[in-house]
Amino acid sequence: GPHMPPNRRTCVFFEAPGVRGSTKTLGELLDTGTELPRAIRCLYSRCCFGIWNLTQDRAQVEMQGCRDSDEPGCESLHCDPSPRAHPSPGSTLFTCSCGTDFCNANYSHLP
């Protein structure tokens, strides 16, 4: 039969207003109409990521999308965030990588 493209990873795509840079070029944004969240089909990896900003025990999503390559952590089935940076006093950025469809929609736990 016709040659089928390899099965591609699909991730949740989100970028908070004012976020620097964009990862939308790492995949193909799927047209989901007015539905949120949006979805993106990864071009260069089979790995989703998410970034949350935890401030005073309140978590806000900063970015979600496709990784540019499969890296350590991408074999995880679920988004299990770890602290990565402190952009300002009292706030911590948590990131996760995971390798199942839409696994970056939400996270298992934050401290």
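Here the structure is shown first, and the text comes after it.
Residues numbered from 1 in each chain as written. Predicted model: local features only at pLDDT ≥ 70, side-chain atom pairs only at ≥ 80, totals over all residues. Heavy atoms only, no water.

Chemist: Would you mind showing me how to read the nonpolar core here?
Modeler: Most often, soluble globular proteins keep nonpolar side chains buried together rather than apart. Counting residues in hydrophobic clusters, the biggest one holds 12 residues: Cys11, Phe13, Leu26, Ile40, Cys42, Cys48, Trp52, Cys66, Cys79, Cys96, Cys98 and Cys103. For this core, the secondary structure elements donating two or more residues are strand 1 (10-15), strand 3 (38-42), strand 4 (48-55) and strand 7 (91-98). Excluding its chain neighbours within four sequence positions, the residues that come into contact with cysteine 98 are Arg46, Cys47, Cys48, Gly73, Cys74, Ser76, Leu77, His78, Cys79, Cys103 and Asn104. (Core = buried A, V, L, I, M, F, W, Y, C linked by side-chain atoms within 4.5 Å. Buried < 20%, exposed > 50% of the residue type's maximum accessible area, 1.4 Å probe, protein only. Helix = DSSP H or I, 4+ residues; strand = E, 2+ residues; numbered from the N terminus. Contact = heavy atoms within 4.5 Å.)

Chemist: Would you mind going over the pattern of salt bridges with me for this structure?
Modeler: A pair can form between side chains of opposite charge whenever their charged atoms are brought close. By the definition in use, this model includes three salt bridges. The salt bridge involving arginine 8 is made with glutamate 28; its shortest N-O contact spans 3.1 Å. Of this pair, arginine 8 sits in the segment before strand 1 while glutamate 28 sits in strand 2 (residues 27-30), placing them 20 residues apart in sequence. On the accessibility criterion, arginine 8 (29% relative accessible area) is partly exposed. As a salt-bridge pair, arginine 9 and aspartate 101 come within 2.8 Å of each other at their nearest N and O atoms. Linking arginine 9 in the segment before strand 1 with aspartate 101 in the segment after strand 7, this pair joins segments that are 92 residues apart in sequence. (Salt bridge = Lys/Arg side-chain N within 4 Å of Asp/Glu carboxyl O.)

Chemist: Whenever I open this one, the side chain of serine 91 confuses me. Can you help?
Modeler: Mapped onto the fold, serine 91 is located in strand 7. Separated by 3.1 Å, the side chains of serine 91 and serine 88 make a polar contact. With residues up to four places along the chain from it excluded, the contact list for serine 91 reads Asn53, Leu54, Thr55, Ala85 and His86. (Polar contact = N/O pair within 3.5 Å; in protein donor to acceptor, adjacent residues only side chain to side chain.)

Chemist: What am I meant to see in the environment of cysteine 98 here?
Modeler: Along the chain, cysteine 98 falls in strand 7. Given a relative accessible area of 0%, cysteine 98 falls into the buried group. For the pair cysteine 98 and proline 17, spaced 81 residues apart in the sequence, the C-alpha separation amounts to 24 Å.

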